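# Report on the structure
Residues per chain are reported as follows:
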Amino acid sequence: MPLARSLWIILGPLGFAPVPRRAHGFETSRLRPPHVDYPLTALISDLHGNWPALATALADAEARGVERFVCLGDVVGYGAKPRECLERVIQLVAPERVNGLKPGICLLGNHEQALMQSASEFNPNARAAIEWTREELSRGERARNLALWDFLDSLQPSRSEPGAMFAHGSPRDPVREYLLPRDIRDAAKMRANFACMTEPVCFVGHSHVPAIYYEDGTFYRPKDTEGPYDLAVGEHRKAIVNVGSVGQPRDGDPRLSYALFDGRHVTFVRLAYDIAAAQRDIRAQGALPGYLADRLAVGH
Ligand code: ZN
């Protein structure tokens, strides 16, 4: 019996076959089959000004040997450290000679868009945070502020490269459309999104709920650090992978979420971080609603 077929029978219709993990810790070499010429990439999204969460995620990804970071947007909004998060992401997208990593990517999120245009469609808590962020990024040294605003202004809504595409929200509406688990029952919405894909996999964030959506309707929600999983995508089988949120998880698990991709396998990572420190940062800013600190503890 072919291996793929026997794995299918063992695993059931999950839509992919887990690559066994070694008993003693994470084996990064497993993520890099020699035939795949793709940099080991960490996909981070929805950092939302949460510096303790971002620092924890980046340190973990670097320890796993990642060669590149792709940030799917919403670096700012909600959290109290938008400047620190932006400065760090600017470093991550810098040329290889600057940081030793392959040049990264950062996309435009709806919070960056609201920051530069209008937050009038946001709920009151999100709007208050955007207004505070706008002021925060105007304090301090003028030349540095201008560099931050130039970076924000340079962000693109989506990116495509051989083997993968990236958007903040969805393939169809890269900045604003949410993809949530309930959408698996909305065949028209899913079909329209898969029709917009030019590569077999699209990585998204925005809903803050990690998941894999396949074109054939199969669906998977990771619950912990899981993988590497062979996505098993190709010309006739596409997948949309939501990497979850670093700075404000909303799937009931307060641990930060990010993902790794090597061109073929995806690994979901969940990590505890110093939530209390992120909450203190928010509460130290009177203009930021306390609710934004409270929700970090429950992951909603
Ligand atoms: Zn977000």
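Conventions adopted
- Residues numbered from 1 in each chain as written.
- Predicted model: local features only at pLDDT ≥ 70, side-chain atom pairs only at ≥ 80, totals over all residues.
- Helix = DSSP H or I, 4+ residues; strand = E, 2+ residues; numbered from the N terminus.
- Buried ≥ 20, exposed ≤ 12 C-beta atoms within 10 Å, placed from the backbone.
- Arc of directions from axis to C-beta.
- Pairing = 2+ DSSP bridges.
- Right-handed = clockwise from strand over helix to strand, strands pointing away.
- Axes fitted to C-alpha atoms, helices over the stretch in contact; angles between N-to-C directions.
- Parallel < 35°, antiparallel > 145°, perpendicular 65-115°, else oblique.
- Contact = placed C-beta atoms within 7 Å.
- Nonpolar A, V, L, I, M, F, W, Y, C, P; charged D, E, K, R; others polar.

## Considerations on the overall build of the protein chain
The number of helices and strands found in the protein chain is ten helices and 13 strands. For the protein chain, buried positions account for 43% of its 300 residues.

## Concerning helix H9 (residues 275-283)
Here H9 has its buried residues at Ala 278, Gln 279 and Ile 282. Buried residues of H9, seen end-on, are gathered within an arc of 100° and therefore sit on one face of the element.

## Notes on the pairing of strand S12 (residues 256-261)
The buried fraction of S12 amounts to six of the six residues, a majority that puts the element mostly inside the structure. Note: strand S2 (residues 41-44) against S12, three bridges, orientation antiparallel. Paired with Ala 42 across the two strands is Leu 260, which belongs to S12. Sheet analysis places S12 next to strand S13 (residues 265-271), joined by six bridges and oriented antiparallel. From the neighbouring strand, Leu 260 faces S13, where its bridge partner is Thr 267.

## Quick notes on the sheet that holds strand S8 (residues 211-214)
Ordered in space as S5-S6-S7-S11-S8-S9, the six strands form an open sheet in which the pairing is mixed. Each edge of the sheet is formed by a strand with only one pairing partner; in this case those strands are strand S5 (158-161) and strand S9 (219-220). In this sheet, S9 lies alongside S8 in antiparallel orientation, the contact comprising two bridges. Among the inter-strand pairings, Tyr 213 is bridged to a residue of S9, identified as Phe 219.

## Structural notes on the environment of Ala 232
For Ala 232, the location among the structural elements is in the loop between strand S10 (226-230) and strand S11 (239-242). By the C-beta count within 10 Å, which is 17 here, Ala 232 ends up partly exposed. Separated by 33 residues in sequence, Ala 232 and His 265 place their C-alpha atoms 8.2 Å apart.

## Concerning the pairing of strand S6 (residues 164-167)
Across the two faces of S6 the burial is the same, with Ala 164 and Phe 166 and Met 165 and Ala 167 all buried. Pairing between S5 and S6: four bridges, direction antiparallel. Looking at S6, one finds that Ser 158 is bridged to Ala 167. As defined by bridge partners, S6 adjoins strand S7 (residues 201-204) across two bridges and the pair is classed as parallel. Residue Phe 166 lies in a different strand from S7, and its bridge partner there is Phe 203. Between the parallel pair S6 and S7, the chain is carried across by helix H8 (residues 187-195), and the sense of this crossover is right-handed.

## Concerning the packing of H9 against helix H10 (residues 291-298)
Packing of H9 against H10 brings their axes to within 8 Å, and their N-to-C directions diverge by 170°. Relative to H10, H9 is oriented roughly antiparallel. Along its contact with H9, which presents Ile 275, Ala 278, Gln 279, Ile 282 and Arg 283, the element H10 presents Leu 292, Ala 293, Leu 296 and Ala 297. Along the lines of polarity and charge, the residues of the contact of H9 with H10 split into seven nonpolar, one polar and one charged.

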